[in-house]
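Observations on the three-dimensional arrangement
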Amino acid sequence: MVLNSTSVVVKMGLSSSADAASVDSMTLFVLLLCACIIFGHLLQKSKWMTESVVALIIGLITGIIILVSTGGKSSRVLVFNEELFFIYLLPPIIFNAGFQVKKKQFFRNFLAIVLYGVLGSLISFLIVSLGSLQLFKKLDIDLMALGDYFALGAVFSATDSVCTLQVLNQDETPHLYSLVFGEGVVNDATSVVLFNAIQKFDLSHITPSNIFQFIGNFLYLFLTSTFLGVVVGLFSAYLIKKLYFGRHSTDREIALMILMAYFSYMLAELLDLSGILTVFFCGIVMSHYTWHNVTENSRITSRHAFATLSLISEIFIFLYVGMDALDIEKWRFASNSPWTLFETSAIMLSLVLLGRAAFVFPLSFIANLFRKSRNDKIALKQQVVIWWAGLMRGAVSIALAYNKFTTSGHTQLQGNAIMITSTIIVVLFTNVVGGLLTKPLIRLMLDPHKNVGNSMTYDFVSDRTLPLISNGQDSEPNIDTGNPIDSSKVVHHYWRMFDDTFMRPVFGGRGFVPVIPASITEDTQH
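Residues numbered from 1 in each chain as written. Predicted model: local features only at pLDDT ≥ 70, side-chain atom pairs only at ≥ 80, totals over all residues. Heavy atoms only, no water.

Each helix and strand in the protein was counted, giving 21 helices and 0 strands. For the protein, with 526 residues in total, the buried portion stands at 54%. Pairs at least 24 apart in sequence give 83% of the contacts found in the protein among residues at least 6 apart. Carbon and sulfur atoms make up 68% of the accessible area of the protein, which amounts to about 23700 Å² in all. (Helix = DSSP H or I, 4+ residues; strand = E, 2+ residues; numbered from the N terminus. Buried < 20%, exposed > 50% of the residue type's maximum accessible area, 1.4 Å probe, protein only. Contact = heavy atoms within 4.5 Å. Areas by Shrake-Rupley, 256 points an atom, 1.4 Å probe, with all protein chains shown as cover.)

The next point concerns the environment of N187. In this fold, N187 is placed in helix 9 (residues 174-199). Note: C-alpha distance between N187 and S157 (30 residues apart in sequence) is 7.6 Å. Here N187 is in contact with G117, S121, S157, A158 and T159, once residues within four sequence places are set aside. A distance of 2.8 Å separates a polar atom in the side chain of N187 from the backbone oxygen of S157. (Polar contact = N/O pair within 3.5 Å; in protein donor to acceptor, adjacent residues only side chain to side chain.)

The grouping of L146, I206, I211, F212, I215, L219 and L223 at the surface amounts to a nonpolar patch, some 670 Å² of accessible area in total. The element best represented in the nonpolar patch is helix 10 (residues 208-243), accounting for 5 residues. Relative to the helices and strands, I206 resides in the loop between helix 9 and helix 10. For I206, a relative accessible area of 44% gives the class partly exposed. (Patch = residues over 30% accessible without salt bridge, like charges linked within 9 Å, V, L, I, M, F, W, Y side chains within 5 Å. Salt bridge = Lys/Arg side-chain N within 4 Å of Asp/Glu carboxyl O.)

Attention now goes to the pattern of salt bridges. The tally for this structure, following the rule as stated, stands at 5 salt bridges. Close ionic contact of R504 with D500 constitutes a salt bridge, the shortest N to O distance being 3.7 Å. One end of the pair, R504, and the other, D500, are both in helix 20 (residues 487-507), 4 residues apart, so they sit about a helical turn from each other. Taking the relative accessible area as the measure of exposure, D500 reaches 27% and is therefore partly exposed. Via salt bridges that share partners, R496, D499, D500 and R504 belong to a single interconnected network.

What follows concerns the packing of helix 9 against helix 12 (residues 275-288). Helix-helix packing: each pair is described by the crossing angle between the helix axes and the interaxial distance. At a closest axis distance of 8 Å, the pairing of helix 9 and helix 12 adopts a crossing angle of 150°. Put simply, helix 9 runs roughly antiparallel to helix 12. Residue-level contacts link V185, D188, A189 and V192 of helix 9 to I276, L277 and F280 of helix 12. Its residues assigned to classes, the contact of helix 9 with helix 12 shows 6 nonpolar, no polar and 1 charged. (Axes fitted to C-alpha atoms, helices over the stretch in contact; angles between N-to-C directions. Parallel < 35°, antiparallel > 145°, perpendicular 65-115°, else oblique. Nonpolar A, V, L, I, M, F, W, Y, C, P; charged D, E, K, R; others polar.)

Moving on to the packing of aromatic side chains. In total, this model carries 12 aromatic pairs according to the counting rule given. With a centroid separation of 4.9 Å and an interplanar angle of 75°, the aromatic rings of F99 and F306 are classed as edge-to-face. Of this pair, F99 sits in helix 4 (residues 82-100) while F306 sits in helix 13 (residues 296-324), and the two are 207 residues apart along the sequence. With a relative accessible area of 1%, F99 lands in the buried category. We classify F306 as buried; its relative accessible area is 4%. By way of ring pairs, the aromatic residues F95, F99 and F306 are connected into one cluster. The cationic tip of R299 hangs over the ring face of W291; the distance from NZ or CZ to the ring centre is 5.8 Å. (Phe/Tyr/Trp six-rings, centres within 6.5 Å; stacked < 30°, edge-to-face > 60°. Lys NZ or Arg CZ within 6 Å of the ring centre and 35° of its normal.)

So, about helix 7 (residues 146-155). Judged by how many residues are buried, helix 7 sits mostly within the fold: 9 of 10 residues are covered. Taken residue by residue, helix 7 has G147, D148, Y149, F150, A151, L152, G153, A154 and V155 as its buried positions.

Looking now at the packing of helix 6 (residues 110-135) against helix 9. Two elements in contact, helix 6 and helix 9, have axes separated by 8 Å at closest approach and are oriented at 40°. One finds that helix 6 runs oblique with respect to helix 9. In this structure, helix 6 meets helix 9 at a crossing whose hand is right-handed. Residue-level inspection shows A112, I113, Y116, G117, V118, S121, L122 and F125 of helix 6 in contact with helix 9, the latter providing S178, L179, G182, E183, V186, N187, T190, L194 and I198. For the contact of helix 6 with helix 9, the per-class residue count stands at 10 nonpolar, 6 polar and 1 charged. (Left-handed = near helix turned anticlockwise from the far one by under 90°.)

Position of T295 relative to the elements: it lies in the loop between helix 12 and helix 13. We classify T295 as buried; its relative accessible area is 0%. One polar contact links T295 to S298, side chain to side chain, over a distance of 3.0 Å.

This paragraph deals with the layout of surface pockets. There is about 430 Å³ of room inside the second largest pocket. Taken together, 20 residues line the second largest pocket, and the ones lying closest to its centre are F86, V192, N196, E269 and N403. Those elements that provide at least two residues to the lining of the second largest pocket are helix 4, helix 9, helix 11 (250-270), helix 12 and helix 17 (395-405). The greatest single-element share of the lining of the second largest pocket, amounting to 5 residues, is contributed by helix 4. (1 Å grid on protein atoms, 1.4 Å probe; cavity = no way out; pocket = protein on both sides within 12 Å on 5 of 7 lines; lining within 4 Å. Points joined across faces, edges and corners; volume = space filled by probe spheres on them.)

Of note, the phi angle at D272 is positive, near 60°, even though the residue is not glycine. Take D272: it is sitting in the loop between helix 11 and helix 12.

Let us now look at helix 17. Counting buried residues along helix 17, 9 of its 11 residues qualify, which places the element largely inside the surrounding structure. All of the buried residues along helix 17 are A395, V396, S397, I398, A399, L400, A401, Y402 and F405.

Next up on the list: the environment of I254. Counting through the fold element by element, I254 comes out in helix 11. What makes I254 buried here is its relative accessible area of 12%. Note: C-alpha distance between I254 and A305 (51 residues apart in sequence) is 9.0 Å. Excluding its chain neighbours within four sequence positions, the residues that come into contact with I254 are S298, T301 and S302.

To continue, consider the side chain of E314. Residue placement: E314 occurs in helix 13. Buried charge E314 goes without a salt bridge, the closest partner of opposite sign being R303 at 14 Å. Within polar-contact distance, the side chain of E314 engages the side chain of S310 at 2.8 Å. (Lys, Arg positive; Asp, Glu negative; His and termini not counted.)

Don't take any of this as a statement about function, it's just geometry.
See the structure below:
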């Protein structure tokens, strides 16, 4: 028994060189994460730098150091695994996006957000897919099947809302922030749904019936995933409201909220649905109902816990992308055709620019038709900022590209290597150049301090007078429905009536659950 126990300890311990190397790698990566947070804080007031750009630069510098120290063999301390990204890193980011979203602004701009995020993503997807299909024929790229071109369309239709929102201020430009934030999250979800639908679609026989089947599968995935997220969110609200965990300890409340959010994502993946869409709407529902059913301590702790997990995941991704940009294996296969790599990257970047312009300006015109007030309309200068701010490509694009063109982060096919390196080049270029120029562009095109084109300023004025967490007592003034064609106000008015009459009495929420300052256990301990 002693020998067996010892052997088990040796196997599970850090005696092997592989285990020791993995510990060394994780230690270095944690240190780099801390450095990103510190430098991001120091550069918070910078007119140019953003936290994602800081993480990318630190990743690049670290990659260069590792590349030199290993004699050109490697540039990173960890190997990318798309499962790691989709299962562990992406859920906290998307859930926190839904949980922290300003719901009133999100749903008042719902028409424009859906137009940008869903229809706009489809337009961008088609332009990138069909454009690359025509232009890449002239390049020497091997093993590019028809499905690869449509996969590229999904990869490059996913914007990086994380980097974009770091250069926007929701107090100075609330209307713009709401539009870009909502579009970014819905756009990411749409891109992932498109990518998954393409993987299951038989592109060898494209017929009208197959096209309608593809559209049906897309709508099924989109609607079913949304419904699942709403159901899990409502279930968590009802469970916490009825069982009243806070009378013993806030720990159970917070643990249940975290686990229910993660459960919604994993259940969607188990059912072959879109986990990103499910967890996003689960976050919206939980912030609207569940969050108001817990104690005050749980509200403060949970919101900061979700934001912290999201921040770490975002920095982790950008830091890794910076190091992986110098991966010698992919560059070795892609460097056999350096001119092809340059042309591929230039084509993809041009198609991204064209695809975004092709939907932002026409769809903004359509959205303005449903807005009566001039202050509510999306002005041309705002449209230019929305177009530019949404050009950034990031974590979702990288993950989808790795999922399609590599196996556990590796590839030995020239065509796949060119696609991965081109994706990394576009991500780096759009994040660094776009991130550095977005703040000056906003100052040039808009006067943020005037809250241009926003009829909802009172929400943010009132928010500035409150602490970060304020028992959820956000001001929700009555909305005059006004002109019937002003769809955002009509939808919000009838939703409030339905919510107050049927939903909140059952699932709880602001004004329907007494404010519980703290749990009994915690009061006793203090």
